[in-house]
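Structure at a glance
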Amino acid sequence: MATAAATSASEPEAESKAGPKADGEEDEVKAARTRRKVLSRAVAAATYKTVGPGWDQQEEGVSESDGDEYAMASSAESSPGEYEWEYDEEEEKNQLEIERLEEQLSINVYDYNCHVDLIRLLRLEGELTKVRMARQKMSEIFPLTEELWLEWLHDEISMAQDGLDREHVYDLFEKAVKDYICPNIWLEYGQYSVGGIGQKGGLEKVRSVFERALSSVGLHMTKGLALWEAYREFESAIVEAARPVAGFLSPFDREQTFDSQLEKVHSLFRRQLAIPLYDMEATFAEYEEWSEDPVPESVIQNYNKALQQLEKYKPYEEALLQAEAPRLSEYQAYIDFEMKIGDPARIQLIFERALVENCLVPDLWIRYSQYLDRQLKVKDLVLSVHNRAVRNCPWTVALWSRYLLAMERHGVDHQVISVTFEKALNAGFIQATDYVEIWQAYLDYLRRRVDFKQDSSKELEELRAAFTRALEYLKQEVEERFNESGDPSCVIMQNWARIEARLCNNMQKARELWDSIMTRGNAKYANMWLEYYNLERAHGDTQHCRKALHRAVQCTSDYPEHVCEVLLTMERTEGSLEDWDTAVQKTETRLARVNEQRMKAAEKEAALVQQEEEKAEQRKRARAEKKALKKKKKTRGPEKRGADEDNEKEWGDDEEEQPSKRRRVENSIPAAGETQNIEVAAGPAGKCATVDVEPPSKQKEKAASLKRDMPKVLHDSSKDSITVFVSNLPYSMQEPDVKLRPLFEACGEVVQIRPIFSNRGDFRGYCYVEFKEEKSALQALEMDRKSVEGRPMFVSPCVDKSKNPDFKVFRYSTSLEKHKLFISGLPFSCTKEELEEICKAHGTVKDLRLVTNRAGKPKGLAYVEYENESQASQAVMKMDGMTIKENVIKVAISNPPQRKVPEKPETRKAPGGPMLLPQTYGARGKGRTQLSLLPRALQRPSAAAPQAENGPAAAPAVAASAATEAPKMSNADFAKLFLRK
């Protein structure tokens, strides 16, 4: 089979097998034919050198020319082009851009897009040395894509002139095949190695490259065919070249050369037919035609078995063909299928295929490395995958931690592990806690290196120095960047104290560390004191345990009762009478002070509640008085109004009546039995107009008839799936159904638009839009926040709130999104286009949203979504503190605070206990403490509130109720309560 046919058949991912040819396929076929011709000539020359007499320098020169011809053919594919600038201004502009990019890379070497742009410009300018150095630097930091490698390789191939240059190209190929699984790079590698077949060991080199290529991607169902075809074509060319001279050889030499070479081709056919690949039928037919003997039965059986396997794999391959990149869900389903079968080679291959398109997905790298760590456990393979993982996702601390563990597991040199850890510190994590995690992983590794049977060792000193450096790093570097150390509970210092106490028997150092922990704001927590007490209990002495508990009693503010109970329990089992008396006295004093503070806090809270109730009562009375006054004004008679009008005329007969007064007069209702005609001032001439005013009974009838005449908007809940709810529309919108219909008809056929009106006929700002098809309704949801007459229109699914009371529509994620930024402090005049132009300098912006209020006015906030986490972290470092239109903005990774769900007002029942009344909070909401501020001994079930004539009576203060319900208790009574078991 021709290589061109193999290449065409090996890429069904780009087009279906039965579909039309792509536009560029003809050029690809021509290039493949050129490579095939060069390959055949080079193989023929090498064969004559091996088996034929009279091989001389002239023939060797032919081989070299063949290699040069291949280099030209290969480089022609890359089409690097020679760019000639017509204007010096354009060259100068490129040079300035190159200088800018180089300066930017000197500041931040992890800017991926900056590397790519610099290489592109240097290549256009023809700076071969500089572009080679730029590529080298980028490849040391990032893995390069298949396109970048092929471009680099083609450039180097076109410049290669001698054997040393060829070795340099070989080294580049070796680096290229390690970044990602790339069948095209392997194919280029094999075909380029054919060009050096005339050199010493050239034939073995070609076969070694092809064998490694088959081991790497030979199982690739869609692209592996091209490699099999190229390798078999190479061996077939050797057979054809050796056939003319086979008749001149002795039977022994013929068996050693020609027949053994023929067997290599047979072996390749049999190996290929035993693997499920696309277009297997054509390969089998070719084998039958090529072989002079019938195909063996064993080969047919393996072939049929491979066909059956192919049918199992086809659904997953077809799903990949139909989906669009990056096809993560399809790859994950494929991986699950392969994991069930359990073939390590195929599992490794499908992981590699998935990572080519999803190299920035940390979870995929974690799953792949975890499989290798637990199943294959091959050192070179495991460490290679871990290294590639941290190069692709350097911002993910879990990958670095796993890398350090894998290196330790496989016995990597300590110096190499230390260098890797330093790289992790410079990777640019986006959370302070990530630095704590990587320091913990490295300190755990150093701790496992120490032989604690020795009193002192180099490893132990290194461990202590690392602990000291970790604390300084978190305090200086991390806290300066994130305004927090990431370790508020001092976990690293706690681990250090445990190591000193348990493994080094150095309690003095452990106590110093715990003193430092307590001085960092942890002395108020009971669990911290109890952790210290347990350490002293296990490795210290009773005196220091007692001292720690006494300090805990004085300092603890969250759970002092628990600490007091632990102290009394220790003194009961180990202490003397004097120790017991001292402990009782201290606990009584402390608990009395705590209870006093809690009582004061409860009184203050009760006073706030009472003040709030009084304010609410005042507002209620004010509303009642206002309502009564309004009602009184409505029921005034015409005589009162006439007197008012006379008074107004006295003060200003020539003044025109205000419209508001006219409305008030026109809407006034006369008392029953009075005249129905009222004279009203009509203008500056002093003339009066007569207005007919109906009695209240007729007005009520008229309002009721108006309400009956208005069309009622009935909603059919069975059509919720094809209906959307549209809100936040302008109340002044005239004929909403007419204006909204063209807007929504772009999504599909609109059956009906039902605007909602008030009883007076005013539009209420929302409506229902019913479509004919459900897909149209789903498409209409994408119009949410679209501006309509200057206001953002809200479009949400139509859901019956009575059946789904907890349903809420919120488009955006409320959890941590490492690829999205939250920007605050923006000037209100900043537009989306201006902000996007600023953000594009730091990466690819996928989405940008300016936060507005319901009226569409900006709030000075924005969310910016980048392509990956690396770009987002770079943007945070560059943009935080930037000044935009005299406003200093703040930029951080998007991590909205958790929304507090309001507690339902219904009563709750504690497990195994009585019904609990809902808690009442003051004017400022719930206090900081989560504890009851009233001692349990004083808590009594409150009686029902006495009912007054017009409602419940005012609740007395908590302190007063407590005093009436329970007698006051002395310190001794409190002590008995706390010591009672």
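Residues numbered from 1 in each chain as written. Predicted model: local features only at pLDDT ≥ 70, side-chain atom pairs only at ≥ 80, totals over all residues. Heavy atoms only, no water.

1. A closer look at the environment of Asn358
Examined against the element boundaries, Asn358 turns out to sit in the loop between helix 16 (344–357) and helix 17 (362–376). Using a relative accessible area of 3% as the deciding quantity, one classes Asn358 as buried. On a C-alpha basis, the gap between Asn358 and Asn392 in space is 9.9 Å, while along the polypeptide they are 34 residues apart. A distance of 3.0 Å separates a polar side-chain atom of Asn358 from the backbone oxygen of Ala354. (Helix = DSSP H or I, 4+ residues; strand = E, 2+ residues; numbered from the N terminus. Buried < 20%, exposed > 50% of the residue type's maximum accessible area, 1.4 Å probe, protein only. Polar contact = N/O pair within 3.5 Å; in protein donor to acceptor, adjacent residues only side chain to side chain.)

2. Concerning the environment of Ser208
Checked against the element boundaries, Ser208 lands in helix 10 (residues 202–217). Residue class for Ser208 comes out partly exposed when judged on its relative accessible area of 37%. Along the primary structure Ser208 and Ser193 are separated by 15 residues, whereas in three dimensions their C-alpha atoms are 9.8 Å apart.

3. With respect to the packing of aromatic side chains
In total, this model carries 33 aromatic pairs according to the counting rule given. Ring plane angle 5 degrees and centroid distance 5.1 Å describe the contact between Phe210 and Tyr231, whose orientation is recorded as stacked. A residue pair is termed long-range when its members are at least 10 positions apart, and Phe210 in helix 10 and Tyr231 in helix 11 (residues 224–246) qualify at 21 residues. Overall, Tyr231 belongs to the buried group, its relative accessible area being 5%. Their ring planes at 20 degrees and their centres at 5.4 Å tell us that Tyr316 and Tyr334 sit as a pair that is stacked. Here Tyr334 lies in helix 15 (residues 328–341) and Tyr316 lies in helix 14 (residues 297–322), a separation of 18 residues in the sequence. On the basis of relative accessibility, which here comes to 1%, the residue Tyr334 falls in the buried class. What links up through ring pairs into an aromatic cluster is the set Phe421, Phe429, Tyr435, Trp439, Tyr442, Tyr445, Tyr473 and Phe482. Of note, Arg166 hangs over the ring of Tyr192, and the distance from its end group to the ring centre comes to 4.4 Å. For Lys205, the ring lying beneath its charged end belongs to Tyr170, and the centroid distance is 4.6 Å. (Phe/Tyr/Trp six-rings, centres within 6.5 Å; stacked < 30°, edge-to-face > 60°. Lys NZ or Arg CZ within 6 Å of the ring centre and 35° of its normal.)

4. Examining the sheet that holds strand 8 (residues 817–824)
Pairing within the open sheet is antiparallel, and its 4 strands lie in the order 9-10-8-13. Edge positions in the open sheet fall to strand 9 (845–852) and strand 13 (890–894), since each of these has one partner strand only. Sheet twist, expressed as the average angle between the axes of neighbouring strands with direction ignored, equals 25 degrees. Inspection of the sheet shows strand 8 paired to strand 10 (residues 858–866) by 5 bridges, in the antiparallel sense. Counted as the bridge partner of Ser824 is Leu861 from strand 10. The sheet contacts of helix 34 (residues 832–839) involve strand 8, strand 9 and strand 10, and relative to strand 9 the element is tilted by about 140 degrees. Helix-sheet contacts for helix 35 (residues 869–879) involve strand 8, strand 10 and strand 13, and the interaxial angle to strand 8 is about 25 degrees. (Pairing = 2+ DSSP bridges. Axes fitted to C-alpha atoms, helices over the stretch in contact; angles between N-to-C directions. Contact = heavy atoms within 4.5 Å.)

5. Describing the side chain of Glu125
As for its placement among the helices and strands, Glu125 is situated in helix 5 (residues 112–125). Nearest to the buried, unbridged Glu125 among oppositely charged side chains is Arg120, at 9.3 Å. For Glu125, the side chain forms a polar contact with the side chain of Asn94, separated by 3.1 Å. (Lys, Arg positive; Asp, Glu negative; His and termini not counted. Salt bridge = Lys/Arg side-chain N within 4 Å of Asp/Glu carboxyl O.)

6. A closer look at the pattern of salt bridges
Working definition: two side chains of opposite charge can pair if their charged atoms are close together. What the rule picks out here adds up to 43 salt bridges. With a closest N to O distance of 2.7 Å, Arg469 and Glu422 form a salt bridge. Note that Arg469 is positioned in helix 22 (residues 458–482) and Glu422 in helix 20 (residues 414–425), a separation of 47 residues in sequence. Take Arg469: its relative accessible area is 35%, and that puts it in the partly exposed class. By relative accessible area, which is 31% here, Glu422 ends up partly exposed. A salt bridge links Arg498 to Glu531, with the nearest nitrogen and oxygen atoms 3.2 Å apart. Of this pair, Arg498 sits in helix 23 (residues 491–503) while Glu531 sits in helix 25 (residues 526–539); the two residues are 33 residues apart in sequence, bridging distant segments of the chain. Among the ionic contacts, a cluster of salt bridges with common partners joins Arg123, Arg135, Glu151 and Asp155.

7. Brief notes about helix 27 (residues 560–574)
For helix 27, spanning 15 residues, the distance from its first C-alpha to its last is 21 Å, which sits close to the expected 21 Å at 1.5 Å a residue. Residues Pro560, Val563, Cys564, Val566, Leu567, Leu568, Met570 and Glu571 constitute the buried set of helix 27. (Expected span 1.5 Å × (residues − 1).)

Read these as layout, nothing more, since geometry by itself doesn't imply function.
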